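# Breakdown of the fold
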Amino acid sequence: MLQKAISELVEYAVRKEWITEEDRIWASNRILEALNVNGFEGLTEVNGELREIQEILNDLCDDAYERGVIEGNSAAYYDLLDTKLIGLLVPRPAEIISKFNELYAASPKQATDWYYEFSNDTNYIRRQRIAKDRKWTVDTEYGVMDITINLSKPEKDPKAIAAAGKAKSSGYPKCLLCCENEGYAGHLSHPARQNHRIIPITLGGKDYFLQYSPYVYYNEHCIVFNRIHTPMHIDADAFGNLLDFVTIFPHYFIGSNADLPIVGGSVLSHDHYQGGHYEFAMARAEIEEKITVNGFEAVEAGIVRWPMSVIRLKSADRTMLCNCAAHILNRWRSYDDEKAFIYHETDGEPHNTITPIARRRDGEYELDLVLRNNITTDEYPLGVFHPHAEKHHIKKENIGLIEVMGLAVLPARLKDELAALADAMVSHKDLSDNPLTASHQEWAEDIMKRYPDLNEDNVNEILEKETGIVFSHVLEDAGVFKRNEEGKAAFKRFIDSL
């Protein structure tokens, strides 16, 4: 098995043009060293279609575990070794950057197409794991939204958790987004990145890097991060950076999480953006009311028909567009409306910020500004404009950029819970008896009343639809101006204040 797997891995690298025919023996010796193998009968000829790269790597990891080269046989240990093996064969960063720039000169899309395929081929994006994610779409009153149950992040086994707990933290790299991750060996508390390559770009005259997310929640899900480990901040410079990016890559959108807790993303400590080659439901949503921003009458503006509070700006003049967005942000940062429970700060803690998204459309620049507020109360300790308690059985986590745009990233627990719920609803079991279904009882009973013909053939489809509808209501919770007459009047008061 070992001889076959090594031969296949070397063949894979040749076919991907990472190494040449002349590199085969050198490559096999590097792999033997990493696997602590002394005796070897040499490479065998590999013909025909290759197995999936993960299958080849799993064979090598199995052998290493059986020989005691690695301590465990869980994903935590295998990931460290299989990434190291790929890293031995992947070209140096300078070669990848040179290839990307060569392709970019011909076409930005050609460059990103190649880079995305490369990031998949290196197993940096683990396709076999991502394929486990459960995905579907739901037609809501706001358009077709994407729903996914995230199953691709591996859970650490107890042995790996214990070992990681004993390991001394080095503080290097400072976080998962730092450029120092490129080529890093990793450990049980930090993913290996020897197979990782990043592309330098310039935004706002500063150094940033382009990479893809290893979890790709949507097509070509990319991350753009600052060379310097510096906190997230939404300001005029951030808007300019987003517009710079869609100038460089006009076929991509890009957005930023908000820069405050609760309404921000999971990483606030490192300045970064997320983009990709995908159209979300929010991008398809239409303007329901045109508005005029005083002093920026040349910028096309309007309120988007969306569960959250979104102002869309459009102009061919990116400087004017950026200035208009900065004007709205600055006003929002200090805006109060007691009737709508909007307070820009309490006890010195700021609450108002924006989640911005940029794209190109019909040759013009477009910015969506999603108004956010992270105030908490005794009634809503997780956030007033956060998923409310009655929806926590589906979504309790923060509403970040991806969810804002209409893609629900739901917790892995829902895979088993929805399956158990479907069985219980069809079999008329007591929902309160099972911890997998108890939190969904009220919701499920309401569904059964509304679907008297529910049966084993349609229950899963119905649950998927209703899960998507709950998500659309989650986004309504996160909207600062509600979609009722009082909310619309409050939104108008803010627009008038501009």
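Everything in this summary refers to the structure shown in the same document. (Residues numbered from 1 in each chain as written. Predicted model: local features only at pLDDT ≥ 70, side-chain atom pairs only at ≥ 80, totals over all residues. Heavy atoms only, no water.)

Here the focus is the pairing of strand S5 (residues 222–226). Buried residues dominate S5, accounting for five of its five residues. Side chains Cys-222, Val-224 and Asn-226 of S5 all project onto a buried face; the interleaved residues Ile-223 and Phe-225 project onto the opposite face, where all are buried too. For strand S4 (residues 206–212) and S5, the ladder comprises five bridges, and the chain directions are antiparallel. Paired with Tyr-208 across the two strands is Asn-226, which belongs to S5. Where S5 and strand S7 (residues 272–276) come together, four bridges link them in antiparallel fashion. Looking at the pairing, Val-224 lines up with Tyr-273 of S7. (Buried < 20%, exposed > 50% of the residue type's maximum accessible area, 1.4 Å probe, protein only. Helix = DSSP H or I, 4+ residues; strand = E, 2+ residues; numbered from the N terminus. Pairing = 2+ DSSP bridges.)

Further remarks concern the environment of Leu-260. Mapped onto the secondary structure, Leu-260 falls in the loop between strand S6 (253–255) and S7. Accessibility expressed as a relative area gives 10% for Leu-260, which makes it buried. On a C-alpha basis, the gap between Leu-260 and His-233 in space is 8.6 Å, while along the polypeptide they are 27 residues apart. Setting aside residues up to four positions removed in sequence, Leu-260 forms contacts with Leu-268, Pro-350, His-351, Asn-352, Thr-353 and Asn-374. (Contact = heavy atoms within 4.5 Å.)

In this section: the nonpolar core. Phe-245 and Phe-481 are the most contacted members of the largest nonpolar core, which has 96 residues in total. Considering each element in turn, this core owes the most residues, eight residues, to helix H1 (residues 2–15). Once residues lying within four places of it in the same chain are set aside, the contact partners of Phe-481 are Ser-309, Trp-332, Tyr-335, Ala-340, Ile-342, Leu-371, Gly-487, Ala-490, Phe-491 and Phe-494. Among the nonpolar cores identified, the runner-up in size contains 49 residues, and Ile-147, Phe-253, Leu-410 and Ala-444 belong to it. (Core = buried A, V, L, I, M, F, W, Y, C linked by side-chain atoms within 4.5 Å.)

Overall, antiparallel pairing links the ten strands, which are arranged S3-S4-S5-S7-S6-S13-S14-S10-S9-S8 in an open sheet. Two strands lie at the open edges of the sheet, namely strand S3 (199–203) and strand S8 (287–291), each paired on one side alone. Pairwise comparison of adjacent strand axes, ignoring direction, gives a mean angle of 25° for this sheet. The pairing of S3 with S4 spans five bridges and is antiparallel. Bridging from a neighbouring strand, Ile-199 pairs with Leu-210 of S4. (Axes fitted to C-alpha atoms, helices over the stretch in contact; angles between N-to-C directions.)

Position of Asp-317 among the secondary structure elements: in the loop between strand S10 (310–315) and helix H11 (318–333). Linking Asp-317 and Asp-362, residues 45 residues apart in sequence, is a C-alpha distance of 13 Å. Engagement of the side chain of Asp-317 in a polar contact is seen with the backbone nitrogen of Met-320, the distance being 3.1 Å. (Polar contact = N/O pair within 3.5 Å; in protein donor to acceptor, adjacent residues only side chain to side chain.)

Before going further, it helps to examine H1. A rise of 1.5 Å per residue sets the reference length of H1, with its 14 residues, at 20 Å; its end C-alpha atoms lie 20 Å apart and thus fit the reference within 8%. Extensive coverage of H1 is indicated by the burial of eleven of its 14 residues. Listing the buried residues of H1 in full gives Leu-2, Ala-5, Ile-6, Ser-7, Glu-8, Leu-9, Val-10, Glu-11, Tyr-12, Ala-13 and Val-14. Of the residues flanking the end of H1, it is Glu-17, one or two places downstream, whose phi is positive at about 65°. (Expected span 1.5 Å × (residues − 1).)

By secondary structure assignment, the location of Ile-495 is in helix H16 (residues 485–497). With 131 residues separating them along the chain, Ile-495 and Glu-364 place their C-alpha atoms 23 Å apart. Discounting residues that sit within four places of it in the chain, Ile-495 has contacts with Ile-291, Ile-303 and Ile-311.

The tally for this structure, following the rule as stated, stands at 27 aromatic pairs. Where Phe-100 meets Phe-249, the ring centres are 6.3 Å apart and the plane angle is 65°; that geometry is what we call edge-to-face. Here Phe-249 lies in the loop between helix H9 (236–248) and S6 and Phe-100 lies in helix H5 (residues 93–106), a separation of 149 residues in the sequence. The exposure classification of Phe-100 matches that of Phe-249, with both residues buried. Between Phe-253 and Phe-280, the aromatic rings sit 5.4 Å apart at their centres with planes inclined by 85°, giving edge-to-face as the arrangement. (Phe/Tyr/Trp six-rings, centres within 6.5 Å; stacked < 30°, edge-to-face > 60°.)

Among the surface-exposed residues, Asp-336, Glu-345, Asp-347 and Glu-349 lie close enough to one another that they form a single negatively charged patch. Within the secondary structure layout, Asp-336 lies in the loop between H11 and strand S11 (345–346). (Patch = residues over 30% accessible without salt bridge, like charges linked within 9 Å, V, L, I, M, F, W, Y side chains within 5 Å. Areas by Shrake-Rupley, 256 points an atom, 1.4 Å probe, with all protein chains shown as cover. Salt bridge = Lys/Arg side-chain N within 4 Å of Asp/Glu carboxyl O. Lys, Arg positive; Asp, Glu negative; His and termini not counted. Charge placed at Lys NZ, Arg CZ, Asp CG, Glu CD.)

Below, the discussion takes up the sheet that holds strand S2 (residues 143–149). By definition, the strands of a sheet pair up through backbone hydrogen bonds, in either a parallel or an antiparallel sense. The three strands are arranged S1-S2-S15 in an open sheet whose pairing can be described as mixed. If you trace the sheet from one side to the other, it starts and ends with strand S1 (134–140) and strand S15 (407–410), each paired once. The sheet shows a mean angle of 20° between the axes of neighbouring strands, taken without regard to direction. As paired elements, S1 and S2 share seven bridges and run antiparallel to each other. When the bridges of S2 are listed, Trp-136 appears paired with Ile-147. Lying over the sheet, helix H13 (residues 413–427) contacts S1, S2 and S15, oriented at roughly 105° with respect to S2. Of the strands in this sheet, S1, S2 and S15 are in contact with helix H15 (residues 459–478), which crosses S1 at around 70°.

Let's shift gears to unusual backbone geometry. A cis amide bond links Tyr-172 to the next residue, Pro-173, at an omega of -15°. You can see Pro-173 is positioned in the loop between helix H8 (158–166) and S3. Not every positive phi belongs to a glycine, and Ile-262 is a case in point at roughly 75°. On the secondary structure map, Ile-262 appears in the loop between S6 and S7.

This part is about the pattern of salt bridges. One pass over the full model with this rule turns up 35 salt bridges. Of the charged contacts in the structure, one is a salt bridge between Asp-63 and Arg-67, with a shortest N-O distance of 2.7 Å. With a relative accessible area of 12%, Asp-63 lands in the buried category. For Arg-67, a relative accessible area of 36% corresponds to the partly exposed category.

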